[in-house]
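Chain by chain, the residues:
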Amino acid sequence: MPEQDPYHLPEPAAVPSAAASGRGPEGGTGAPGPAEPDAPAGPAASAATAADGLYGLHNLPYGIFSTADEPDRKRVGVRYGDRVLDVPTAATALGSPHTDVLARPTLNPLMAAGPAVWRAVREDIRTWLGYPAIEPFLRPLPEVTLHLPFEVADYADFYSSEHHATNAGRIFRPHGEPLPANWKHLPIGYHGRAGTVVVSGTPVVRPSGQRRGEPEPGPAAGSGSAPGSGAAAAAGPQAGPPAASAPAAGAGPGPAAAAGPRPVFGPTRRLDIEAEVGFVVGAPSRHGEPVPLSAFREHVFGVCLVNDWSARDIQSWETVPLGPFLGKSFATSVSAWITPLDALDAARTAPPPRDPAPLPYLDDSGEEPGGLDIRIQVALNGHPVAEPPAATLYWTGAQQLAHLTAGGASLRTGDLYASGTVSGPEPGQRGSLLELTWNGRDPLDLPDGKRTFLEDGDEVTLTAWAPGPDGTRVGLGEVTGRIVPS
């Protein structure tokens, strides 16, 4: 039986970053960058000069950490170079009026406080880091354990890259239009599973589920099989792409589906990655009141990298007619560090031209530039394989938020929504193995062997940076995950 489109699409009428290892799930990223211009001179210089170009005063991402001497005390931290500021302890010592929201084991109270508090706390921390007395409150990054930085309320994933959507369409519908008729009119998305969002460094257990089985021997069964499905799919990651005769993914199951080989249950053989940009909601909204484009900054606290792991064979079998389920719900990895939205002001850029013009509630032509020039790198077992550019995303974070709430859905503190796979126009800019190997047809040549999809023991790391003020670079915390057997 031909492979279904795992994206549930109906036919239409770069600079590498080096990881700094740390204790716990994720030690962050620390590629060398330009000199930090904001480092104060004088007695405080020892703290300031510890900050490299990616995590200086212009960045200051938030996370949650604990220490070996107090392993059960999770608290707010801010990354500054290769160290972590113990924020609640510093806030208490320095008499901060915001100590209550900072002395919590999660970022949610701070995020719920709203943009006026976000800006005030950020400015306070920048001031504190100029004091010589701040030294005792700075912990070496390798000596802390990092945790999931916020309690995830809801999770939604979008499909915002035209290059990714076009590649997927060409793979699964080589003789049809690659984009569905609705794609350029709305940010397509689906609701994921908040309970399986995990912090960077958490092992990813190979998921199990139903996938297409091998066809029965004989002419009748053989005539219905295609590369990448049936026996080929069962053969594992080396299976090729689906046949050109694959039906539209929007077509529901019918007599032909019932006549095909019985499905089998077992571990996925097509485990994939999706390099994405995530947006973390702070201030909630009222049920029934859509959030306009202009209110994006009033609700979004910060940005992080996301790897939305995908089991392509499970996904393709289950996705018609309601969309992804087990093939996408087993793990979504996020960074331990949330970069404040204000830290990315210098990275704002105009999105690609839109044709046709979006409907009024999505028309951002009169708004500030909504794109983000985030340069992502994907490494497999330490070997760089792709550099997806987030600046090419067709739909922006503000448009995704406006569409998510257009029907009256409310925002809750801790909501996470992600861009979907980020891919650029060049082969080396594709953010999934589905695209990089063209669904298994073109294996990647790595120092440790060929890869089409992920094998047990493989480790994937996403790193990224964005332009900062005055020629600096803003680092986004890495996302790493290692595949372990079912």
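The preceding data block contains the structure.
In what follows, the accompanying structure is described.

What counts, and where the lines are drawn
Residues numbered from 1 in each chain as written. Predicted model: local features only at pLDDT ≥ 70, side-chain atom pairs only at ≥ 80, totals over all residues. Heavy atoms only, no water. Helix = DSSP H or I, 4+ residues; strand = E, 2+ residues; numbered from the N terminus. Areas by Shrake-Rupley, 256 points an atom, 1.4 Å probe, with all protein chains shown as cover. Pairing = 2+ DSSP bridges. Axes fitted to C-alpha atoms, helices over the stretch in contact; angles between N-to-C directions. Buried < 20%, exposed > 50% of the residue type's maximum accessible area, 1.4 Å probe, protein only. Contact = heavy atoms within 4.5 Å. Phe/Tyr/Trp six-rings, centres within 6.5 Å; stacked < 30°, edge-to-face > 60°.

## A look at the overall build of the chain
Here is step 1 of the chain: A tally of helices and strands in the chain yields 14 helices and 26 strands.
Here is step 2 of the chain: For the chain, the accessible area works out to roughly 18200 Å², and carbon and sulfur atoms hold 56% of it.

## What about the sheet that holds strand 5 (residues 144-147)?
Here is step 1 of the chain: Ordered by their spatial adjacency, five strands build an open sheet running 4-3-2-1-5, and the pairing between neighbours is antiparallel. A strand with exactly one partner marks an edge of an open sheet, and here the two such strands are strand 4 (138-140) and strand 5. In this sheet, neighbouring strand axes are inclined to one another by 45° on average, regardless of whether the strands run parallel or antiparallel.

## Digging into the pairing of strand 6 (residues 155-158)
Here is step 1 of the chain: Of the two faces of strand 6, both are covered, the one formed by Tyr155 and Asp157 as well as the one formed by Ala156 and Phe158.
Here is step 2 of the chain: Relative to strand 22 (residues 416-418), strand 6 runs parallel, the two sharing three bridges. Following the sheet pairing, alanine 156 is matched in strand 22 by tyrosine 417.

## Examining the environment of aspartate 363
Here is step 1 of the chain: For aspartate 363, the position within the fold is in the loop between strand 18 (348-349) and strand 19 (371-372).
Here is step 2 of the chain: Note: C-alpha distance between aspartate 363 and glutamine 399 (36 residues apart in sequence) is 8.2 Å.
Here is step 3 of the chain: Those residues in contact with aspartate 363, other than ones at most four positions away along the chain, are Leu293 and Pro358.

## So, the side chain of serine 423
Here is step 1 of the chain: Assignment of secondary structure puts serine 423 in the loop between strand 22 and helix 14 (433-436).
Here is step 2 of the chain: In this structure serine 423 comes out as buried when scored by relative accessible area, which is 0%.
Here is step 3 of the chain: Ignoring any residue separated from it by four or fewer positions in sequence, one finds serine 423 in contact with Ser161, His163, His164, Pro389, Thr392, Gln429, Arg430, Gly431 and Glu435.

## A word on the packing of aromatic side chains
Here is step 1 of the chain: According to the stated counting rule, one finds seven aromatic pairs in the structure shown.
Here is step 2 of the chain: Each ring, one from tryptophan 118 and one from phenylalanine 301, has its centre 5.3 Å from the other, and the planes form 85°; the classification is edge-to-face. One end of the pair, tryptophan 118, is in helix 5 (residues 115-128); the other, phenylalanine 301, is in strand 14 (residues 300-307), with 183 residues separating them in the sequence. Each member of the pair, tryptophan 118 together with phenylalanine 301, is buried.
Here is step 3 of the chain: An angle of 80° between the planes, with centres 6.1 Å apart, marks the rings of phenylalanine 158 and tyrosine 417 as edge-to-face. Of the two residues, phenylalanine 158 sits in strand 6 while tyrosine 417 sits in strand 22, which places them 259 residues apart along the sequence.
Here is step 4 of the chain: Phenylalanine 158 sits in the buried class, given a relative accessible area of 7%.

## As for the sheet that holds strand 20 (residues 375-380)
Here is step 1 of the chain: Ordered by their spatial adjacency, five strands build an open sheet running 9-26-25-20-21, and the pairing between neighbours is mixed. Across the chains shown, the open sheet's two edge strands, defined by having one partner strand only, are strand 9 (204-205) and strand 21 (383-386).
Here is step 2 of the chain: Looking at chain direction, strand 20 and strand 25 (residues 459-467) are connected through six bridges and run antiparallel. Across the sheet, residue alanine 379 finds its bridge partner in strand 25, namely threonine 461.

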